[in-house]
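# Results of the structural survey
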Amino acid sequence: LNKFFEMAPQNFKYISNDYKYKGILLSRTGKDSVALVEMEKAIVNDPNSAKDIYTEMALIAYRGKKYDKVTNIVERKIALDPASLNNNDYFNYGRANYNLGQKKLEEANNLKDAKAKPAKEAEAMPFIVKADSAFAGLIRLNANWVTAYTWKGRSSSLINFDLGKPYYEKVLSIVKPEEKTGSYKKDVVEAYEYLGSYYLNKKDKANADANLNLLKEIDPTNQKAIYYFNPPKTPQKPAGTKPAGK
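In this text, all values refer to a predicted model and were calculated from it rather than measured experimentally. (Residues numbered from 1 in each chain as written. Predicted model: local features only at pLDDT ≥ 70, side-chain atom pairs only at ≥ 80, totals over all residues. Heavy atoms only, no water.)

### Quick look at the pattern of salt bridges
Within this structure, the stated rule accounts for 15 salt bridges. When the shortest N-O distance is used, the salt bridge between Asp 81 and Lys 51 registers 3.4 Å. Here the residue Asp 81 occupies a position in the loop between α5 (67–80) and α6 (87–110), and Lys 51 occupies one in helix α4 (residues 50–63), the gap between them amounting to 30 residues. Judged by its relative accessible area of 25%, Asp 81 falls in the partly exposed class. Under the relative-accessibility criterion, Lys 51 is labelled partly exposed at 32%. Residue Glu 169 pairs with Lys 165 through a salt bridge whose shortest N-O separation is 2.7 Å. Of this pair, Glu 169 and Lys 165 both sit in helix α9 (residues 165–174), separated by 4 residues, roughly a single helical turn. (Salt bridge = Lys/Arg side-chain N within 4 Å of Asp/Glu carboxyl O. Helix = DSSP H or I, 4+ residues; strand = E, 2+ residues; numbered from the N terminus. Buried < 20%, exposed > 50% of the residue type's maximum accessible area, 1.4 Å probe, protein only.)

Structural data, given as structure tokens:
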């Protein structure tokens, strides 16, 4: 393809796909930034190709962990035609916003000044809300995809922990028995971990036990289940020991 561009006459009329496929090939050789520049040229060459190319661009940006670029690209597609968003658009846009929100929450947790934490946490919420909306859109297009509900559970539970419950329950209701320890094991493990925590918070020991027992069955080395059923014993001070420093 490089040879094609080198040999073309000075006034050669390229088509949109020339730039598009050059961009795709560049991204597959690790040159993501240059790839996105070429794909922008494809859009300039043929604005009618923009919607499909934006999907490719968002995927390239997501793979490169350029989450702010992902959101910018998908929002340009939304501005063109919100009804044109497909599974990949919703998924990449949702995950990019989720990761941006999580970064803000991590920054808040690392702050030493407790008074500054609420403001930093508030910065995360617009990203989390956008992610939650994107995963809702993904579910509308792909109502039987287990992982879509896992991501919706994650984003909803960050808005309010209790809001994740119906989505994690949906994961467990639609996953096939053979998939619980196979292709969707991680989703199932996460669902049981969430539901165990949910019922513990509600002081519903019976349901917490039930979910964490199921978690232990499919993931015997799961540390949350192990800790729950076999909590470490608090060391007892020998009788008659005086408090330190006295």
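### Let's talk about the packing of aromatic side chains
Summed over the entire model, instances satisfying the criterion amount to 17 aromatic pairs. Look at Phe 91 and Trp 145: their rings are 5.0 Å apart centre to centre, the planes differ by 70°, and that puts the pair in the edge-to-face class. Residue Phe 91 is found in helix α6, and its partner Trp 145 is found in the loop between α7 (117–141) and α8 (146–159); the two are separated by 54 residues along the sequence. Relative accessible area serves as the criterion here: at 14%, Phe 91 is assigned to the buried category. (Phe/Tyr/Trp six-rings, centres within 6.5 Å; stacked < 30°, edge-to-face > 60°.)

### Considerations on the layout of surface pockets
By volume, the largest pocket is sized at about 200 Å³. In terms of lining residues, the largest pocket is bounded by Tyr 98, Gln 102, Arg 154, Ser 157, Leu 158, Phe 161, Tyr 168, Glu 190, Glu 193, Tyr 194, Ser 197 and Lys 224. Considering every element that reaches the lining of the largest pocket, the biggest residue donor is helix α10 (residues 185–201), with 4 residues. Tallied by class, residues from the lining of the largest pocket come to 5 nonpolar, 3 polar and 4 charged. (1 Å grid on protein atoms, 1.4 Å probe; cavity = no way out; pocket = protein on both sides within 12 Å on 5 of 7 lines; lining within 4 Å. Points joined across faces, edges and corners; volume = space filled by probe spheres on them. Nonpolar A, V, L, I, M, F, W, Y, C, P; charged D, E, K, R; others polar.)

### Focus on the nonpolar core
What tends to happen in soluble globular proteins is that the nonpolar side chains get buried as a cluster. The biggest cluster of nonpolar side chains holds 56 residues, and the ones touching the most others in it are Met 57 and Val 70. Each residue touching Val 70, except ones within four places of it in the same chain, is listed here: Ala 58, Ala 61, Tyr 62, Asn 92, Tyr 93 and Ala 96. (Core = buried A, V, L, I, M, F, W, Y, C linked by side-chain atoms within 4.5 Å. Contact = heavy atoms within 4.5 Å.)

### A closer look at helix α11 (residues 205–218)
Spacing of three or four residues puts side chains on the same side of an α-helix, whose turn is 3.6 residues. Here α11 is 14 residues long and its end C-alpha atoms lie 20 Å apart, about the 20 Å a rise of 1.5 Å per residue gives. Residues of α11 that are buried in the fold lie against α10 and α12 (223–229). (Expected span 1.5 Å × (residues − 1).)

### Regarding the environment of Val 74
By secondary structure assignment, the location of Val 74 is in helix α5. For Val 74, a relative accessible area of 2% puts it in the buried group. Beyond its immediate chain neighbours, meaning those up to four positions away, Val 74 contacts Ala 58, Leu 85, Asp 89 and Tyr 93.

### Some words on a nonpolar patch on the surface
A grouping of Leu 1, Phe 4, Phe 12, Tyr 21 and Leu 25 is seen on the molecular surface, where their side chains present a nonpolar patch of about 450 Å² in accessible area. Position of Leu 25 relative to the elements: it lies in helix α2 (residues 16–28). Residue classification places Leu 25 among the partly exposed positions, given a relative accessible area of 46%. (Patch = residues over 30% accessible without salt bridge, like charges linked within 9 Å, V, L, I, M, F, W, Y side chains within 5 Å. Areas by Shrake-Rupley, 256 points an atom, 1.4 Å probe, with all protein chains shown as cover.)

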